[in-house]
Amino acid sequence: MTYHLRENPTWLTGLLNHEADEVDILDNGVWPSPSKCPICWGSGTFRWYAYEAIDAAGVPPMEVVEFECPCVEQWMLHRFFSYCGLSLLYQRLSIRDFSSSEVQDLAIKYIAQVGEYIRYGQGMFLVGSHGTGKSMIAALVTKAAIYYRFSAYFITFNDLVNVYIQTKFSPEKREEMKRRFLGVNLLVIDDVGQEETQNVQQRKTSQARAILDEVLRGRQGLCTFVTSNFPKNTLAEHYGQNVVSLLSELDKKELYSTDFRGDFLPKRTQLERSNHLTRPVVWGAGL
Ligand SMILES: [Zn+2]
């Protein structure tokens, strides 16, 4: 007996040419075509938990069952999520994958209210040290927004800065990206502050400051989720008082508990590997 994943929504069709071009540039080549399916590796089936099956009524949710692999549908979903900036890791995660129930509850709260956040143009500022699950919350909120047919884009601040720098001499490309960042219903800017450690040059820091100011200002009244591991005084030091006051317009939440303990991800991967499980790309946040 093989089970089935939920089908893609009917409105989710292939990407337009220019969207596909964009994904081809960003994509790291793991999944160039449906025939190179990294879910079933061409076998047509994969093993995963029953909770993800739409037709496994009566089967305990944590029982491992065999799924028929919808290679083309999975590939299309992967391409669509990639276009929204989500990495393959986040594409495969759902609300079930938090290790701390406290962070999971918080994610459930935001996911349930994502439509309201977007409609009222209310943003969120998630602060906390590394490994508290804030990026994962933001990624799942992105998936939930897409589920409800809002436009959403997830990008690390480091990538955002690089896009601005790289398109400096291509006004057309720059305008296109700006429309993207300023035009989506939900924008997630992940890991503000992280670009500091990767690019220590003073010049880039001042560019980062100007870019963050421009994007936040351009999105006033729109829903923006920002995550950072910088405390407020460090933020002011690095990005200036203007950015801090723009950030203070967002709802702030500080996260202290650790979700992804250092050994959590490798342990989970090991468990999945030893049981020959494959995590499919999942539509929605899993609520
Ligand atoms: Zn497949």
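Residues numbered from 1 in each chain as written. Predicted model: local features only at pLDDT ≥ 70, side-chain atom pairs only at ≥ 80, totals over all residues.

Draft legend 1. Inspection of the domain arrangement of the chain at higher detail. In terms of domains, the chain is made up of domain 1 (2–81) and domain 2 (96–260). With centres defined by C-alpha atoms, the gap from domain 1 to domain 2 works out at 27 Å. (Domains from an automatic or database assignment.)

Draft legend 2. Focus on the environment of Leu-182. Structurally, the position occupied by Leu-182 is in helix α8 (residues 171–183). Expressed as a C-alpha distance, the spacing of Leu-182 and Gly-218, which sit 36 residues apart in the sequence, is 6.1 Å. Sequence-distant contacts of Leu-182, defined by excluding residues within four places in its chain, comprise Gly-218 and Arg-219. (Helix = DSSP H or I, 4+ residues; strand = E, 2+ residues; numbered from the N terminus. Contact = placed C-beta atoms within 7 Å.)

Draft legend 3. Spatial organisation of the sheet that holds strand β3 (residues 124–128). Sheet architecture is open: 5 strands sit in the order β4-β5-β6-β3-β7, paired in parallel fashion. Both outer strands of the open sheet, β4 (152–156) and β7 (251–255), are each paired with one neighbouring strand and no more. Here the strands of the sheet are splayed against their neighbours by 15° on average, with no regard to which way each runs. In this sheet, strand β6 (residues 223–228) lies alongside β3 in parallel orientation, the contact comprising 4 bridges. Its bridge partner lying in β6, Leu-126 is registered against Thr-227. (Pairing = 2+ DSSP bridges. Axes fitted to C-alpha atoms, helices over the stretch in contact; angles between N-to-C directions.)

Draft legend 4. Up close: the nonpolar core. Among the nonpolar cores identified, the biggest contains 62 residues, and Ala-107, Ile-111, Ile-137, Leu-140, Val-141 and Leu-186 are the most heavily contacted of them. Per-element tally for this core: the top contributor is helix α6 (residues 134–147), with 9 residues. Residues lining this core come from more than one domain, with at least three contributed by each of domain 1 (2–81) and domain 2 (96–260). When neighbours within four sequence positions are excluded, Ile-111 is seen to be in contact with Ile-95, Leu-140, Val-141, Ala-144, Ala-285 and Leu-287. Counting 9 residues, the second-largest nonpolar core is a separate cluster that includes Cys-37, Phe-46, Phe-67 and Cys-69. (Core = buried A, V, L, I, M, F, W, Y, C linked by C-beta atoms within 7 Å. Buried ≥ 20, exposed ≤ 12 C-beta atoms within 10 Å, placed from the backbone.)

Draft legend 5. Broad picture of the pairing of strand β5 (residues 186–192). Here β5 lies mainly inside the structure; 7 of its 7 residues are buried. As defined by bridge partners, β4 adjoins β5 across 5 bridges and the pair is classed as parallel. Paired with Phe-154 across the strands is Val-188, a residue of β5. Pairing of β5 with β6 involves 5 bridges; the strand directions are parallel. Bridging from a neighbouring strand, Val-188 pairs with Phe-225 of β6.

Draft legend 6. Highlighting helix α7 (residues 157–166). If you check which residues of α7 are buried, you get Phe-157, Leu-160 and Val-161. Projected down its long axis, α7 shows its buried positions confined to an angular sector of 95°, all on one face. (Arc of directions from axis to C-beta.)

Draft legend 7. Region of interest: unusual backbone geometry. The phi torsion at Trp-41 lies on the positive side, around 50°, for a residue other than glycine. Looking at the element boundaries, Trp-41 is found in the loop between α1 (17–26) and β1 (45–49). Looking at Trp-41, the number of C-beta atoms within 10 Å reads 11, which means it is exposed. Although it is not a glycine, Asp-191 adopts a positive phi angle of roughly 65°. Counting through the fold element by element, Asp-191 comes out in strand β5.

Draft legend 8. View of the packing of helix α4 (residues 101–112) against α6. One way to put it is that α4 packs onto α6 with a least axis distance of 9 Å and a crossing angle of 30°. Classified by the angle their axes make, α4 and α6 are roughly parallel. Every pair of crossing elements has a handedness; the one defined by α4 and α6 is right-handed. Note on element contacts: α6 touches α4 through Ile-137, Leu-140, Val-141 and Ala-144, opposite Val-103, Leu-106, Ala-107, Tyr-110 and Ile-111. (Parallel < 35°, antiparallel > 145°, perpendicular 65-115°, else oblique. Left-handed = near helix turned anticlockwise from the far one by under 90°.)

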